[in-house]
Amino acid sequence: MESSEFDSENQTERSYQTDLRYNGSENAGAEELEDDEEEIQMSSQEVLEALQRAWINEKFAPDVLPYEEALVEMVMIQLVHMEENLATANKNDLLYIVHRMEVERIRFIVASYLRCRLQKLETYASHILDVESSRPRKSKRLSEAEQKFTHDFHDSVETHFQELVTRHMPQNHQDDERARRVAPNLNTHVFARARQDVGEYSLAGGEHSVNIRAGAVHLFRYRDIEPLVIEGQLELI
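Here the residue index of a chain counts from 1 through its sequence in written order. In keeping with the model being predicted, local features are shown solely for residues with a pLDDT of at least 70 and side-chain atom pairs are shown and tallied solely at 80 or more, while totals for entire chains, interfaces and linings include all residues. Remark: hydrogens and water are excluded; side-chain values derive from all non-hydrogen atoms of the structure.

Draft legend 1. Representation of the overall build of the protein chain. Runs of H or I in DSSP of at least four residues are treated as helices and runs of E of at least two as strands, each being numbered from the N terminus. In terms of helices and strands, the protein chain carries six helices and seven strands. The order of helices and strands in the protein chain, counted from the N terminus, is β-β-α-α-α-α-α-β-β-β-β-α-β. Burial status follows relative accessibility: with a 1.4 Å probe on protein chains alone, a residue under 20% of its type maximum counts as buried, one over 50% as exposed, and anything between as partly exposed. Within the span of the protein chain, comprising 237 residues, buried residues form 40% of the whole. A 1.4 Å probe and the Shrake-Rupley method give the accessible areas. Residues count as covered only by the protein chains that appear here. Total accessible area computed for the protein chain in this model is approximately 14000 Å², and 49% of it derives from carbon and sulfur atoms.

Draft legend 2. Summary view of the pattern of salt bridges. Whenever Lys or Arg places a side-chain nitrogen within 4 Å of a carboxyl oxygen from Asp or Glu, that contact is recorded as a salt bridge. With the rule as written, the count across this model stands at 13 salt bridges. In this structure, R100 engages E104 in a salt bridge whose closest nitrogen and oxygen atoms are separated by 3.5 Å. With R100 and E104 both in helix α3 (residues 94–123), this residue pair falls four residues apart, about one helical turn. Taking relative accessible area as the criterion, R100 reaches 23% and is therefore assigned partly exposed. For R105, the salt bridge goes to E102, with nearest N and O atoms at 3.0 Å.

Draft legend 3. Structural detail: the nonpolar core. L51, L71, V75 and Y113 are the most contacted members of the largest nonpolar core, which totals 22 residues. Going through the elements one at a time, α1 (44–60), α2 (69–87) and α3 are the ones with two or more residues in this core. No other element matches the seven residues that α2 contributes to this core. Definition of nonpolar core: a set of buried residues of the types Ala, Val, Leu, Ile, Met, Phe, Trp, Tyr and Cys, connected through side-chain atoms within 4.5 Å. Membership of the second largest hydrophobic core comes to 18 residues, among which are L186, Y201, L203 and F220.

Draft legend 4. Representation of a nonpolar patch on the surface. Every patch collects residues that have over 30% relative accessible area and no salt bridge, joining them within 9 Å if they carry like charges and within 5 Å if they are nonpolar side chains (Val, Leu, Ile, Met, Phe, Trp, Tyr). A cluster of nonpolar residues, L94, I97, V98 and M101, forms a patch on the protein surface that exposes about 400 Å² of accessible area. Residue placement: I97 occurs in helix α3.

Draft legend 5. Region of the structure containing the pairing of strand β5 (residues 208–212). As paired strands, strand β4 (residues 199–203) and β5 are joined by five bridges and run antiparallel to one another. Paired with G199 across the bridge in β5 is I212. At least two DSSP bridges between two strands are required for those strands to pair. What sits between β4 and β5 in their antiparallel hairpin is a turn of four residues, with A204 showing a positive phi close to 55°.

Following this line, the structure appears as structure tokens:
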């Protein structure tokens, strides 16, 4: 069995042509370029690294980040190809075992990324739906499936809460829905590493500024740097 059968061993031999609009974070939901749509080639390794970075960012960000739909789709397509190659391989070959472990590692990254987002949707359903509805179409952070899930989950919780609690409360307290709404704490402090030179960046509404250089690690209040994380200039660690 030749290692060239597997994209995980030949990261640079294959590339993906995507319809992503480049914004520094491979996210198609943020600001679009005014020019015609630009094709970007990404190797298997680059796609996986981008998804892993999105997973770590999602893990440490208190609020839900834009969904990296294109990256997830490309990785899932890659997994299908790898599974097809493994199906015809000699299962007693050491290389088969190595590639099987790589497949499982990639599946873990995808599952963890989606599970992390799901946990936030369940915890902050009301808040996320309100904020998402006020965002422009091109700045939406949820996929269609996530949007539907969050609506269904929120409605189910509200119905359950109404049947068990609200209808037994005094009438003047039955509309206090916002009092029990949970929102992410955007003032949480996070560690972030600069992926490129940012230069002087204002913090705390302009009260302070810091010179952010590529490779530097800083402790920031998440609210201050969320735009840089979304744009891909910073990565959470």
